[in-house]
There are 2 protein chains.
Amino acid sequence: MSVFSQDITFKFVTSGNYNYMGRCENCIIRQFNSLRAMNKEELKRVSDTKTTKFLKKGEIIFGEGDKLNGVYCVRDGVSKLSKLSPNGKDQIVKLATKGAVLGQRSVITEEVANLSAIAVNDMEVCFVPKDAILDTLNSNPNFAVEVLRHIAHDLKEADDVIVNMSQKTVKQRIAEAFIYLEENFGEDQNGYLALTLSREDIANVVGTATESAIRIISEFKKLGLIKASGKKVAIANRQGLNDVAKGS
Amino acid sequence: MSVFSQDITFKFVTSGNYNYMGRCENCIIRQFNSLRAMNKEELKRVSDTKTTKFLKKGEIIFGEGDKLNGVYCVRDGVSKLSKLSPNGKDQIVKLATKGAVLGQRSVITEEVANLSAIAVNDMEVCFVPKDAILDTLNSNPNFAVEVLRHIAHDLKEADDVIVNMSQKTVKQRIAEAFIYLEENFGEDQNGYLALTLSREDIANVVGTATESAIRIISEFKKLGLIKASGKKVAIANRQGLNDVAKGS
DNA sequence: TCCAAAACATGACAAATGTCAGTTTTTTCC
DNA sequence: GGAAAAAACTGACATTTGTCATGTTTTGGA
């Protein structure tokens, strides 16, 4: 995490071009997604057509069923990708952070969005109109293959989630969720998980009732596996949490 | 389904070339997967390097963790794609039938297989060495995009499964499973589902204990929603099953 | 800084699901 | 066609999870 910020600073400082801001060519985030496979001209086109948006926590990037006219490249903050189930509950399928490209799947298949994307944090995202994406896809095999690799990876992750959902207990899944949050978003200066989710969001990630999630989180506190200050959570006993996640 | 068989027959009968057998160029199955986007030369290469295999029910096409040297194109029969969970249970993630290309994802990301593929039926599959696939991917954007579309579609389906698993009851999921089997594999002359799965496989599809699946299936029989003769199952009340699946 | 709204927490109970321990039926294969 | 194996089935019970009701704490503006 801190190394990452350093890199950005470095880029900023060494660039001789004072117009670099807002130019995709100089956006380091791009190194983490499929846009890295675009060539100069393709990137220029993206840069010229994109718009940058700032979203506040809770704002909707797009909703299930929306027709997407482009993709959203996350520059900062975290978004939850979720789907409303018929019984009225939201299932969070994925948490997307910097580097993620949202809406890619729907743009490729030219379907409406199957998930909704909501800011969990304050966010900065770049909207890239779909034509720049689709045209590049059809002409640059490197880009197409790079996108393919990313989607293929998402698919593998989704398969893993299916297995977890059906074969692990709620307690195991919540323990895993904390480990996941720590591994993917890190901790703040005080050792608390850098990404704070409400109990309801945690419940929606692991697919259980909010009360069940709360109860289990309380139990983890009593067992000394985690500690909490308000809604901030810190992992107190990583090995113990791991054992719970593994089911021992 | 029956229309589909007709088409094959038609092809066989009208082909003037008696070498058509075993040639991908003449394989109608190809129309249902990404190989349709290959051009003549690419297809020829696939055809020249591929080998056809016949598998008996229960045989393993590849296992989780196997390094795949190519993909398997299903010409006939059905395969279950499953993953072993840490607690020793198999979760079936997908059922693949004619037209499906197995192992595609792992070949693209150059990882070992994350799922195992086992024949549910007697099967006929064509093994295509990966080089023919990867080279085409890198040179023919049409093919790359076609593969992308297929994987993107799989990803959407996987997201739907995640939501079903976490938000629906076992009873709802079993009702859905029967509807799914009817819609995707059809019925035989006597109205029984054309694809017969063991109770254990059904349990592994919906992610529950075999006994629970059996109990619910028995209940469906008593309610007249389905009827069964041995392990063959027929849908007796489609609307009723639908209602159960929807949770009413 | 204070107050409402939201989020968190807990108890009591009901419903769903899993587990274990059998018996019966079906399938397979000689 | 019959025996052995596999699959299907059933009951009893434990465990997990969901639901409802209610109280407490935290949080985010006016």
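Before any of the text, the structure's been laid out above.
Residues numbered from 1 in each chain as written. Chains lettered and ligands numbered in written order. Predicted model: local features only at pLDDT ≥ 70, side-chain atom pairs only at ≥ 80, totals over all residues. Heavy atoms only, no water.

(A) Summary view of the protein's contact with DNA strand C. Inspection of the region around DNA strand C gives 18 residues, with A:Arg199, A:Ser218, A:Lys221, B:Thr208 and B:Arg215 positioned closest. For DNA strand C, the fraction of protein-proximal atoms (within 4 Å) that sit in sugar or phosphate groups is 54%. One of the side-chain nitrogen or oxygen atoms of A:Lys221 is found 2.7 Å away from a phosphate oxygen of DNA strand C. Within the residue set of the surface near DNA strand C, elements represented by two or more residues are helix H7 (199–206) and helix H8 (210–222) of chain A together with helix H8 (210–222) of chain B. Among the elements that make up the surface near DNA strand C, the one with the highest residue count is H8(A) (5 residues). Of the residues contributing to the surface near DNA strand C, the split by class is 3 nonpolar, 5 polar and 10 charged. (Near = heavy atom within 4 Å. Polar contact = N/O pair within 3.5 Å; in protein donor to acceptor, adjacent residues only side chain to side chain. Helix = DSSP H or I, 4+ residues; strand = E, 2+ residues; numbered from the N terminus. Nonpolar A, V, L, I, M, F, W, Y, C, P; charged D, E, K, R; others polar.)

(B) The arrangement of helix H9 (residues 238–246) of chain B in detail. Residues and elements named next belong to chain B. Buried within H9 are the following residues: Gly240, Leu241, Val244 and Ala245. Seen along its axis, H9 keeps its buried residues to an arc of 140 degrees; they face one direction. Turned more than 90 degrees away from the buried face of H9 sit Gln239 and Lys246, all of them exposed. On its buried face, H9 sits against helix H6 (170–185), H8, strand S9 (226–229) and strand S10 (232–235). The opening residue of H9 is Asn237, an N-cap whose side-chain oxygen sits 3.4 Å from the backbone nitrogen of Gln239. (Buried < 20%, exposed > 50% of the residue type's maximum accessible area, 1.4 Å probe, protein only. Arc of directions from axis to C-beta. Contact = heavy atoms within 4.5 Å.)

(C) Up close: the protein's contact with DNA strand D. In the vicinity of DNA strand D there are 17 residues, among which A:Val170, A:Thr208, A:Arg215, B:Arg199 and B:Lys221 approach most closely. For DNA strand D, the fraction of protein-proximal atoms (within 4 Å) that sit in sugar or phosphate groups is 54%. A distance of 3.0 Å separates a phosphate oxygen of DNA strand D from a polar backbone atom of A:Val170. At a separation of 2.6 Å, a phosphate oxygen of DNA strand D approaches a polar side-chain atom of B:Arg199. If you list the elements that add at least two residues to the surface near DNA strand D, you get H8 of chain A together with helix H7 (199–206) and H8 of chain B. When the residues that make up the surface near DNA strand D are grouped by side-chain class, the tally is 3 nonpolar, 5 polar and 9 charged.

(D) Spotlight on the packing of aromatic side chains. Per the counting criterion, the structure on display carries 6 aromatic pairs over all chains. Between A:Tyr180 and A:Phe185, the aromatic rings sit 6.4 Å apart at their centres with planes inclined by 70 degrees, giving edge-to-face as the arrangement. Taking the relative accessible area as the measure of exposure, A:Tyr180 reaches 34% and is therefore partly exposed. An angle of 35 degrees between the planes, with centres 5.7 Å apart, marks the rings of B:Phe62 and B:Tyr72 as tilted. With B:Phe62 in strand S2 (residues 60–62) and B:Tyr72 in strand S3 (residues 70–76), the pair connects residues that are 10 residues apart, well separated along the chain. Site record: aromatic cluster; members linked through ring pairs are A:Phe62, A:Tyr72 and A:Phe127. Stacked on the ring of A:Phe127, the Lys or Arg A:Lys53 has its end atom at 5.3 Å from the ring centre. (Phe/Tyr/Trp six-rings, centres within 6.5 Å; stacked < 30°, edge-to-face > 60°. Lys NZ or Arg CZ within 6 Å of the ring centre and 35° of its normal.)

(E) Expanded view of the sheet that holds strand S4 (residues 79–84) of chain A. All names here are of chain A. In spatial order, the strands read S2-S7-S4-S5; together these 4 strands make up an open sheet with antiparallel pairing. At either margin of the open sheet sits one strand with a lone partner, and together these are strand S2 (60–62) and strand S5 (90–96). Across this sheet, the average inter-strand angle for adjacent strands is 30 degrees, counted without regard to direction. The pairing of S4 with strand S7 (residues 116–119) spans 4 bridges and is classified as antiparallel. Following the sheet pairing, Lys80 is matched in S7 by Ile118. Its contacts with the sheet place H7 against S4 and S5, and it is angled at close to 95 degrees to S5. (Pairing = 2+ DSSP bridges. Axes fitted to C-alpha atoms, helices over the stretch in contact; angles between N-to-C directions.)

(F) Structural view of the sheet that holds S3(B). All names here are of chain B. Read from one edge of the open sheet, 4 strands run S1-S8-S3-S6, paired in antiparallel fashion. Since the sheet does not close on itself, it has two edges, and those belong to strand S1 (51–55) and strand S6 (101–102), each with one partner. Here 5 bridges tie S1 to strand S8 (residues 123–129), and the two strands are oriented antiparallel to one another. For Thr51, the partnering residue across the bridge sits in S8 and is Phe127. Together, S3 and S8 form the strand contacts of helix H4 (residues 130–139), whose direction differs from that of S8 by roughly 60 degrees.

(G) Representation of the nonpolar core in the model. Ranked by size, the top nonpolar core spans 88 residues in total, and within it A:Leu102, A:Leu137, B:Leu102 and B:Leu137 carry the most contacts. Beyond its immediate sequence surroundings of up to four residues, B:Leu137 is in contact with A:Pro141, A:Val145, A:Leu148, B:Ile108, B:Phe143, B:Ala144 and B:Val147. (Core = buried A, V, L, I, M, F, W, Y, C linked by side-chain atoms within 4.5 Å.)

(H) Structural detail: the interface of chain A and chain B. With 41 residues of chain A at the contact, the number on the chain B side is 41 residues. Of the roughly 3,800 Å² buried at the junction of chain A and chain B (both faces included), carbon and sulfur atoms supply 69%. Three residues, A:Leu148, A:Ile162 and A:Gln167, lead the burial of chain A against chain B; their summed loss comes to 17% of the area buried on that side. Where chain A packs against chain B, one counts 4 salt bridges. Across the salt bridge formed by A:Lys156 and B:Glu111, the nearest N and O atoms sit 4.0 Å from each other. (Buried area = accessible area lost by both parts, 1.4 Å probe. Salt bridge = Lys/Arg side-chain N within 4 Å of Asp/Glu carboxyl O.)

(I) Region of the structure containing the pairing of strand S3 (residues 70–76) of chain A. Residue and element names in this part refer to chain A. Of all 7 residues that make up S3, 5 are buried, and the element is covered over most of its length. Sheet analysis places S3 next to strand S8 (residues 123–129), joined by 6 bridges and oriented antiparallel. By the bridge assignment, Val71 is partnered in S8 with Val128. Bridge count between S3 and strand S6 (residues 101–102): 2 bridges; the pairing is antiparallel. Residue pairing in the sheet places Cys73 in a bridge with Val101 of S6.

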